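Chain residues, written in single-letter form:
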Amino acid sequence: MTTSTRGAAKAPAVLVLEDGRIFRGRAYGAVGETFGEAVFSTGMTGYQETLTDPSYHRQVVVMTAPHVGNTGVNDEDPESSRIWVAGYVVRDPARIPSNWRSRRSLDEELVKQGVVGISGIDTRALTRHLRERGAMRVGIFSGEAVADDAALLARVKEAPQMVGANLSAEVATKETYVVPAIGEKKFTVAAVDLGIKGMTPHRMAERGIEVHVLPATATAEEVYAVNPDGVFFSNGPGDPATADGPVAVMQEVLARKTPLFGICFGNQILGRALGFGTYKLKYGHRGINQPVQDRTTGKVEVTAHNHGFAVDAPLDKVSETPYGRAEVSHVCLNDQVVEGLQLLDQPAFSVQYHPEAAAGPHDAAYLFDRFVTLMEGQRA
């Protein structure tokens, strides 16, 4: 990515998809060029949480909501220390933010962090195109980076693909840190950071859990050095087929029968640890309005998603694994994609979506209580 911070309001911009489709608009945020995987998010709110979610590393996010930036940017809502999206695409950016917590405009924050974006294009048409053709590589070019269409397309096709990308270590913490329990400490959890969002350890801390957040490269010995009552594997970017290290660590956790909880990338890691495969979705699930059924209760939840890969596990039967029986616990009602796994013979489960969702919805917050129940049962 190359950027400058001048002339964003007036600079022309071009979005080029790898299949040759081109959209023309105006620069939004920093001026320059950027490359990534084009994906769309259907959330009407929560753009600040989306931008700072490490799972969006190397992705250019298209917002389907037409008006973005209304509430500006504050210093309380980021999910991490920086914006992770590779680029940002909006239809109609707010000219003047209005919110009592706002400290600056979204455009100013994008410029400050060097995020190249484009505005004024038909994001509805772009979303329909991605739904029909699938997620693909994309480039955004503005200002002096704009060139001949054929030359820009050639550069997009040179960009790396998401399949085969091993990205967790690029976004995870380099050093272990501790999020203390709120109130009385009841449990200790070792959380393997594969791209963790700040709200996740906070949700556990609210339940009396002291969370030790470890790097993505943590070994089983490092996980158990904190004497955990439970182990957690977080969300994160990239292709789960590349995550051999975390899979090996999780298999050790399963062998010891320590209570285990995984979210998003952590769900895919559990799938691989149990012997299931993973595959890339055509255009993924991203947004905060996805219907999921908890098959253990029959309850339907509105949930927050951000995943381009999924676990290939049978929906119609209980599977035998090296760690006991396993079944699909949650399923997306839009397309029957696996959204959760659980073991029936030991305390381990995971979900593909985001129960911590700071911007909502909060239908699935009970899953953190389910994790607590597993640790209570193990201790008893």
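One can find the structure itself at the top, above this paragraph.
About the cut-offs
- Residues numbered from 1 in each chain as written.
- Predicted model: local features only at pLDDT ≥ 70, side-chain atom pairs only at ≥ 80, totals over all residues.
- Heavy atoms only, no water.
- Helix = DSSP H or I, 4+ residues; strand = E, 2+ residues; numbered from the N terminus.
- Rg over C-alpha atoms; globule rule 2.2 N^0.38 Å.
- Buried < 20%, exposed > 50% of the residue type's maximum accessible area, 1.4 Å probe, protein only.
- Contact = heavy atoms within 4.5 Å.
- Areas by Shrake-Rupley, 256 points an atom, 1.4 Å probe, with all protein chains shown as cover.
- Lys, Arg positive; Asp, Glu negative; His and termini not counted.
- Charge placed at Lys NZ, Arg CZ, Asp CG, Glu CD.
- Phe/Tyr/Trp six-rings, centres within 6.5 Å; stacked < 30°, edge-to-face > 60°.
- Lys NZ or Arg CZ within 6 Å of the ring centre and 35° of its normal.
- Core = buried A, V, L, I, M, F, W, Y, C linked by side-chain atoms within 4.5 Å.
- Pairing = 2+ DSSP bridges.
- Salt bridge = Lys/Arg side-chain N within 4 Å of Asp/Glu carboxyl O.
- Polar contact = N/O pair within 3.5 Å; in protein donor to acceptor, adjacent residues only side chain to side chain.
- Patch = residues over 30% accessible without salt bridge, like charges linked within 9 Å, V, L, I, M, F, W, Y side chains within 5 Å.

Asker: Can you tell me about the overall build of the chain, naming the residues and giving the values?
Answerer: Looking only at helices and strands, the chain has 10 helices and 21 strands in total. Expected size for 380 residues packed as a compact globule is a radius of gyration near 21 Å; at 21 Å, the chain falls within 12% of this value. Dimensions of the chain along its principal axes, counting C-alpha atoms only, are 65 × 40 × 35 Å. Here the chain holds 380 residues, and 58% of them are scored as buried. Restricting the contact set of the chain to residue pairs at least 6 apart, pairs at least 24 apart contribute 76%. A total of about 15300 Å² of accessible surface is found on the chain, and carbon and sulfur atoms cover 48% of it. Of the side-chain charges in the chain, 38 are positive and 45 negative, and the distance between the mean point of each set is 5 Å.

Asker: Let's hear about the packing of aromatic side chains: which residues, and what values?
Answerer: Tallied over the entire structure, the rule returns six aromatic pairs. Note on F35 and F141: the rings are 5.5 Å apart at their centroids and 80° apart in plane angle, and the pair reads as edge-to-face. Here F35, found in strand β4 (residues 31-41), pairs with F141, found in strand β10 (residues 136-142); they are 106 residues apart in sequence, far enough to count as distant. For F35, a relative accessible area of 22% translates into the label partly exposed. An aromatic cluster is defined as three or more aromatic residues linked by ring pairs; in this entry it consists of F232, F261, F349, F368 and F371. Between R82 and the ring centre of W84, over which it is positioned, the NZ or CZ distance is 3.8 Å. Across from the ring centre of F309, 5.5 Å away, lies the NZ or CZ of K280, which sits over that ring.

Asker: Can you tell me about the nonpolar core, naming the residues and giving the values?
Answerer: Grouped together as the largest cluster of nonpolar side chains are 34 residues, with contacts concentrated most on V223, F233, M250, L254, L260 and L274. For this core, the secondary structure elements donating two or more residues are β12 (187-192), α7 (220-224), β14 (230-233), α8 (244-256), α9 (265-273), β19 (324-332) and β20 (338-343). Here the element with the most residues in this core is α8; it accounts for five residues. Beyond its immediate stretch of four places on either side in the chain, F233 contacts V192, L194, P246, V249, M250, L260, F261, G262, I263 and G266. Grouped together as the second largest cluster of nonpolar side chains are 23 residues, A13, L15, F23 and L130 included.

Asker: Quick one: what's the story with the side chain of S319, residue by residue and with numbers?
Answerer: Assignment of secondary structure puts S319 in strand β18 (residues 319-321). Since its relative accessible area comes to 8%, S319 is described here as buried. Apart from the residues within four sequence positions on either side, S319 is in contact with F276, P314, G324, R325 and A326.

Asker: Which residues make up the pairing of strand β7 (residues 87-90), and what are the values?
Answerer: Of the two faces of β7, the one lined by G87 and V89 and the one lined by Y88 and V90 are each fully buried. When strand β5 (residues 59-63) meets β7, the two strands line up parallel, connected through three bridges. In the strand pairing of β7, V62 is matched with V89.

Asker: Lay out the pattern of salt bridges with the relevant residues and their values.
Answerer: Counted according to the given criterion, the structure contains 19 salt bridges. One salt bridge connects R133 with D19, and the closest N-O pair in it is separated by 3.2 Å. Residue R133 is located in helix α3 (residues 123-133), and its partner D19 is located in the loop between β2 (12-17) and β3 (22-29); the two are separated by 114 residues in the primary sequence. Residue classification places R133 among the exposed residues on the basis of a relative accessible area of 54%. Of the charged contacts, one joins R370 and D294 as a salt bridge, the two residues approaching to 3.1 Å between their closest N and O atoms. With R370 in helix α10 (residues 366-379) and D294 in strand β16 (residues 277-294), the pair connects residues that are 76 residues apart, well separated along the chain. The network of salt bridges with common partners includes R203, E206, R207 and D369.

Asker: Account for α3, naming residues and giving values.
Answerer: Within α3 the residues assigned to the buried category are T123, A125, L126, T127, H129 and L130. For α3, the side-chain oxygen to backbone nitrogen distance between the N-cap and R124 is 3.1 Å, and the N-cap itself is D122. G134 occupies a position one or two residues after α3 and carries a positive phi of about 100°.

Asker: Summarise a positive patch on the surface; cite the residues concerned and give the values.
Answerer: On the surface, R26, R91, R124, R128, R131 and K282 cluster together into a patch of positive charge. Tracing the backbone shows R128 in helix α3. Residue R128 is classed as exposed on the basis of its relative accessible area of 53%.

Asker: Before we move on, could you go through the environment of K257 and cite the residues and values that matter?
Answerer: Here K257 shows up in the loop between α8 and β15 (260-263). Along the backbone, K257 and G230 are 27 residues apart, and their C-alpha atoms lie at a distance of 9.6 Å. Setting aside residues up to four positions removed in sequence, K257 forms contacts with Q346, P347 and Q378.

Asker: Break down the pairing of β14 for me, with residues and values.
Answerer: Residue alternation in β14 divides its side chains into two sets, G230 and F232 and V231 and F233, and both sets are buried. With four bridges joining them, β12 and β14 adopt parallel strand pairing. From the neighbouring strand, A191 faces β14, where its bridge partner is F232. Pairing between β14 and β15: three bridges, direction parallel. Among the inter-strand pairings, V231 is bridged to a residue of β15, identified as L260.

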